[in-house]
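Architecture and fold: a report
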Amino acid sequence: MRYERSSALFAEAQKYIPGGVNSPVRAFKAVGGEPIFIKGAKGAYLYDEDGHQYIDYISSWGPLLFGHAHEPVIKAVVEKAKKGTSFGIPTEIETELAKLAVKMVPNIDKIRFVNSGTEACMSAVRLARGYTGKDKIIKFAGCYHGHSDAFLIQAGSGAVTFGSPNSPGVTQGTAKDTLLANYNDLDGVRALVKANQGKIAAIIIEPVAGNMGCIIPTKEFIHGLRELCTQEGILLLFDEVMTGFRLAKGGAQEVLGIDADIVMFGKVIGGGLPVGAFAARAEIMAHLAPEGPVYQAGTLSGNPLAMAAGLAMLTEIDKQPEVFESITKKTEHLHNGIAKVLTEKGIVHQINRFGSMVSVHFCEDPVVDFASSAKGNNDTFKKYFHGMLDQGIYLPPSAFESYFLNDAISYDDLDRTVAAVKNTF
Ligand SMILES: *Cc1c(COP(=O)(O)O)cnc(C)c1O
């Protein structure tokens, strides 16, 4: 059997871990079948426990911009580990990473490190509420901001993959403070703001959405949000956990030419180790403990190994910013290749792409928000996913996730991928 060892490992995992996984999308529920177990990875390639090689299009869901086991990152972590793994006492490297991030990202003066994107978004909303003295937030259907209670209202990513965008366990009390709008619908947001005048602390958004496929904001929409927030004294929160240090040095703020009020990071900023962060102008960050009254803390926050990986990653990016152009061109090459094959085969599809984020949707109409993304044909998607997997191409195991390319992927890999699409259909 092709996946014998993975299958045995999955059976064993299910005895001790709910669903056999520590994050739901990994379980392959949306595509059927069983997950592969990974033994190791290098550059563009994953190797599973049964000895198969895969070209990896998820890059650990974003962090690995240069590919797996990138030498400078591995070296930094190994060297750091020899000097101790955690102290709970300040270290110099936290300031080094903070300084570099503040230099690279527009419009932020200070940054606080946490351990995940979830923590970053949760803490950013608390800060926004503490700063404005207001309770309500607006989020967009299909956007994912981690799994904390306030965001599990029509959430994207795994939440929607598993049909539970509104999770049991989230209280009515929490849910009532999260107002829901549709992506790319500025009038809808205006109406919500009007109906809740003076009560809204923040609008939180993925400035380029990546958790309902890749969805691009219209200029009018994203600039309109900025104007509206400024007029109404609402903070604009950019969740750049996915886009930060992936679309550009300065993330979506730089690419879209918009200043957000608080920006959240994760994924790339940790170089493959668990790091999240949120950042803002000094005046806003001054409200955070111990400088201000809004409490936020973490035993392992600013952990030296995580900081070493993050610093090595951002240093690489800072030294070779051409990585963004390179990876964007590769993504474009893939986009064009797949589009050509699907068109030739007469398969109804839409492909959305922004920088090194891309998603393939098996539907008729343009995908501009959650409702249009949800119209994709899941049977075609399953066939596509498994057809590619069997040919050594690892795609996100859900139609609601974007692909994340890494720069270790070669043009030869891309052409092999396009050939695999042709074989699949
Ligand atoms: C991945 C992601 C998160 C959550 O980050 P975790 O590290 O998984 O907690 C939040 N927001 C966005 C946009 C993400 O893509």
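1. Topic: the overall build of the chain
Within the chain, the secondary structure is distributed over 15 helices and 14 strands. Computed over C-alpha atoms, the radius of gyration of the chain comes to 21 Å, within 12% of the 22 Å expected from 2.2 N^0.38 for 425 residues, which places it in the range of a compact globule. The dimensions of the chain, computed from C-alpha atoms along their principal axes, are 60 × 55 × 45 Å. Each of the 425 residues in the chain was classed as buried or not, and the buried ones make up 57%. For the chain, the proportion of contacts with a sequence separation of at least 24, taken over those separated by at least 6, is 72%.

2. Concerning the sheet that holds strand β5 (residues 136-140)
Pairing in this open sheet of seven strands is mixed, and the strands run β4-β10-β9-β8-β7-β5-β6 from one edge to the other. The open sheet has two edge strands, β4 (110-114) and β6 (178-181), and neither has a second partner. On average, each strand axis in the sheet is tilted by 20 degrees relative to the strand beside it, whichever way the strands run.

3. Some remarks on the pattern of salt bridges
Side-chain pairing between opposite charges can occur once the charged atoms of the two side chains come close. The final tally for this structure, using the stated rule, is 20 salt bridges. Residue Lys 249 is joined to Asp 318 by a salt bridge in which the shortest nitrogen-to-oxygen separation is 2.8 Å. Of this pair, Lys 249 sits in the loop between β8 (235-239) and α9 (251-256) while Asp 318 sits in helix α11 (residues 304-319), placing them 69 residues apart in sequence. We note a salt bridge from Lys 329 to Glu 325, for which the minimum N-O separation is 3.1 Å.

4. Considerations on the packing of aromatic side chains
One pass over the structure, following the stated rule, counts 15 aromatic pairs. Between the aromatic rings of Phe 140 and Tyr 183, the centroid separation amounts to 6.0 Å while the plane-to-plane angle is 75 degrees, which identifies the pairing as edge-to-face. Taken together, the positions of Phe 140 in strand β5 and Tyr 183 in the loop between β6 and α7 (186-195) put the pair 43 residues apart, joining distant regions of the chain. Judged on exposure class, the residue Phe 140 and its partner Tyr 183 are both buried. Linked through ring pairs, Phe 28, Tyr 54, Phe 385 and Tyr 394 together constitute an aromatic cluster.

5. Let's talk about the nonpolar core
Membership of the largest hydrophobic core comes to 108 residues, with the highest contact counts inside it found for Tyr 57, Phe 140, Val 189, Leu 225, Phe 245, Ile 317 and Tyr 384. Considering each element in turn, this core owes the most residues, eight residues, to helix α12 (residues 322-344). The residue makeup of this core includes at least three contributed by each of domain 1 (4-69 + 321-424) and domain 2 (71-319). Among all residues touching Tyr 384, those that are not within four sequence positions of it are Ile 338, Val 360, Phe 362, Leu 395, Tyr 403, Val 421, Thr 424 and Phe 425.

6. Looking at the side chain of Ser 123
On the secondary structure map, Ser 123 appears in helix α4 (residues 117-132). With near-sequence residues (within four places) excluded, Ser 123 lies in contact with Phe 278 and Gln 296.

7. Considering the environment of Gly 251
Among the secondary structure elements, Gly 251 is positioned in helix α9. When the C-alpha positions of Gly 251 and Val 25 are compared, they lie 25 Å apart, and in sequence the two are 226 residues distant. Residues within four places of Gly 251 in sequence aside, it is in contact with Glu 240, Thr 243, Gly 244 and Phe 245.

8. Re the packing of helix α14 (residues 378-390) against helix α15 (residues 411-424)
Between α14 and α15, the shortest axis-to-axis distance is 9 Å and the interhelical angle comes to 125 degrees. It follows that α14 is oblique to α15 by the angle criterion. Seen along the crossing, α14 lies across α15 with a hand that is right-handed. Two secondary-structure elements touch here, α14 through Lys 383, Tyr 384, Gly 387 and Met 388 and α15 through Thr 417, Ala 420, Val 421 and Thr 424. By residue class, the composition of the contact of α14 with α15 is four nonpolar, three polar and one charged.

9. Quick look at the site of the ligand
In the vicinity of the ligand, the residues found are Ser 116, Gly 117, Thr 118, Tyr 144, His 145, Gly 146, Glu 206, Asn 211, Asp 239, Val 241, Met 242 and Lys 267. Asn 211 places a polar side-chain atom, nitrogen or oxygen, 3.2 Å from an oxygen atom of the ligand. Within the side chain of Asp 239, an N or O atom sits 2.6 Å from a nitrogen atom of the ligand.

10. Description of the domain arrangement of the chain
If you check the domain split of the chain, you get domain 1 (4-69 + 321-424) and domain 2 (71-319). Inter-centroid distance (C-alpha atoms) of domain 1 to domain 2 is 25 Å. Tallying the contact residues gives 37 residues for domain 1 and 39 residues for domain 2. Between domain 1 and domain 2 lies a buried interface of about 3000 Å² when both sides are counted; carbon and sulfur atoms form 70% of it. Broken down residue by residue, the surface that domain 1 buries against domain 2 is led by Phe 324, Phe 354 and Phe 370, which jointly contribute 23%. The tally of links between domain 1 and domain 2 comes to one salt bridge. Between Lys 42 and Glu 71 there is a salt bridge; the shortest N-O distance is 3.8 Å. Along the contact surface separating domain 1 from domain 2 lie eleven residue pairs in polar contact (both at pLDDT 80 or more). When residues of the side of domain 1 that touches domain 2 are traced back to their parent elements, those giving at least two are α12, β11 (350-354), β12 (357-361) and α13 (370-373).

What counts and what doesn't
- Residues numbered from 1 in each chain as written.
- Predicted model: local features only at pLDDT ≥ 70, side-chain atom pairs only at ≥ 80, totals over all residues.
- Heavy atoms only, no water.
- Helix = DSSP H or I, 4+ residues; strand = E, 2+ residues; numbered from the N terminus.
- Rg over C-alpha atoms; globule rule 2.2 N^0.38 Å.
- Buried < 20%, exposed > 50% of the residue type's maximum accessible area, 1.4 Å probe, protein only.
- Contact = heavy atoms within 4.5 Å.
- Pairing = 2+ DSSP bridges.
- Axes fitted to C-alpha atoms, helices over the stretch in contact; angles between N-to-C directions.
- Salt bridge = Lys/Arg side-chain N within 4 Å of Asp/Glu carboxyl O.
- Phe/Tyr/Trp six-rings, centres within 6.5 Å; stacked < 30°, edge-to-face > 60°.
- Core = buried A, V, L, I, M, F, W, Y, C linked by side-chain atoms within 4.5 Å.
- Domains from an automatic or database assignment.
- Parallel < 35°, antiparallel > 145°, perpendicular 65-115°, else oblique.
- Left-handed = near helix turned anticlockwise from the far one by under 90°.
- Nonpolar A, V, L, I, M, F, W, Y, C, P; charged D, E, K, R; others polar.
- Near = heavy atom within 4 Å.
- Polar contact = N/O pair within 3.5 Å; in protein donor to acceptor, adjacent residues only side chain to side chain.
- Buried area = accessible area lost by both parts, 1.4 Å probe.

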